[in-house]
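# Coordinates in review
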Amino acid sequence: MEKREMMYEGKAKKVYSTDDPAYCIVSYKDDATAFNGEKKGTIVGKGVVNNRMSNFMFKLLEEKGVPTDYVEELNDRDTVLKRVQIVPLEVIIRNKAAGSFSKRFGVPEGTVLKCPTLEFCLKDDALGDPMINNSQIIAIGAATQEELDAISAYAYKVNEVMIEFFDKCNVDLIDFKIEFGRLPDGTIILADEISPDTCRFWDKDTGEKLDKDRFRRDMGGVEEAYAEMMKRVGLN
Ligand code: TMP
């Protein structure tokens, strides 16, 4: 399958049409942004890491019963995906407190949560992706109750699979953000990506951050952290 027209350019990826309307091709860039695009930069090699790691995780999740939009990796940066309509929600699961959760609720980073938390943000850059609850989601028509039930169940399943997998890589899965899409028949499937851009990964022994927080917080060693995660996952 080949790229035709660019349909959409996001902050980290470009999406192209193909000859078959049921499929598209995503191309991962090295561009990095944070704080709703306020901070901009480049993480050399990030596109390759995110493409390959995300495809690896989506294949694993498919095996474990989570349907995804993954079809075929074309090369280091490009992947064929099922074309979906993205549900306009960022679905966030947390195992330990960090980031906006720590800030909002005054819980120190690294605190083990008594249960994994599930939260939703409305995907809307102009509004700064505000947090939104289940009834608000249904009220504005961002998703139906049935869709939210499917999304929530899949999100917890993704967490279970990922905790177990990353544990074997000596990585603590602190939290992550995923997105879902609708196939033309309305089926909900996992979409977007799973990568160091969208997860917090801490080394289990040292607590060292191996994710995009190094970029967000100007910690240095950003490329090295992405490369280390590739190695941990076994993709070198
Ligand atoms: P947060 O603590 O800033 O809300 O982030 C929670 C998780 O979601 C973290 O793993 C980073 C990820 N994330 C994204 O993937 N995209 C975003 O735009 C934001 C704000 C967070």
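Presented here is a report on the structure given in the accompanying data block.

What counts and how
- Residues numbered from 1 in each chain as written.
- Predicted model: local features only at pLDDT ≥ 70, side-chain atom pairs only at ≥ 80, totals over all residues.
- Heavy atoms only, no water.
- Helix = DSSP H or I, 4+ residues; strand = E, 2+ residues; numbered from the N terminus.
- Rg over C-alpha atoms; globule rule 2.2 N^0.38 Å.
- Buried < 20%, exposed > 50% of the residue type's maximum accessible area, 1.4 Å probe, protein only.
- Salt bridge = Lys/Arg side-chain N within 4 Å of Asp/Glu carboxyl O.
- Pairing = 2+ DSSP bridges.
- Expected span 1.5 Å × (residues − 1).

### Topic: the overall build of the protein chain
- A count of helices and strands for the protein chain gives 6 helices and 14 strands.
- Computed over C-alpha atoms, the radius of gyration of the protein chain comes to 17 Å, within 12% of the 18 Å expected from 2.2 N^0.38 for 236 residues, which places it in the range of a compact globule.
- Projecting the C-alpha coordinates of the protein chain onto the three principal axes gives extents of approximately 50 × 40 × 35 Å.
- When each of the 236 residues of the protein chain is scored for burial, the buried share is 51%.

### Overview of the pattern of salt bridges
- Scanning the entire structure with this criterion turns up 28 salt bridges.
- Between Lys13 and Asp192 there is a salt bridge whose closest N-O contact spans 2.9 Å. Highlighted residues: Lys13 in strand β2 (residues 13–17) and Asp192 in the loop between β13 (188–191) and β14 (199–203), separated in sequence by 179 residues.
- Taking the relative accessible area as the measure of exposure, Asp192 reaches 18% and is therefore buried.
- For Glu179, the salt bridge identified is with Lys177, shortest N-O distance 2.8 Å.
- Linked by salt bridges that have partners in common, Arg94, Glu109, Glu119, Asp175, Arg200, Asp213, Arg216 and Arg217 make up one network.

### Some remarks on the pairing of strand β7 (residues 78–82)
- Of all 5 residues in β7, 4 are buried; the element is thus mostly enclosed.
- Pairing of strand β6 (residues 70–73) with β7 involves 3 bridges; the strand directions are antiparallel. If you follow Tyr70 over to β7, its bridge partner there is Leu81.
- Hairpin connection between β6 and β7: a loop of 4 residues separates the two successive antiparallel strands.

### A look at helix α1 (residues 46–63)
- For α1, with 18 residues, the first-to-last C-alpha span of 26 Å sits near the 26 Å given by 1.5 Å per residue.
- With 13 of 18 residues buried, α1 lies mostly within the body of the structure.
- Looking one or two places after α1, you find Gly65, whose phi comes out positive at around 100 degrees.

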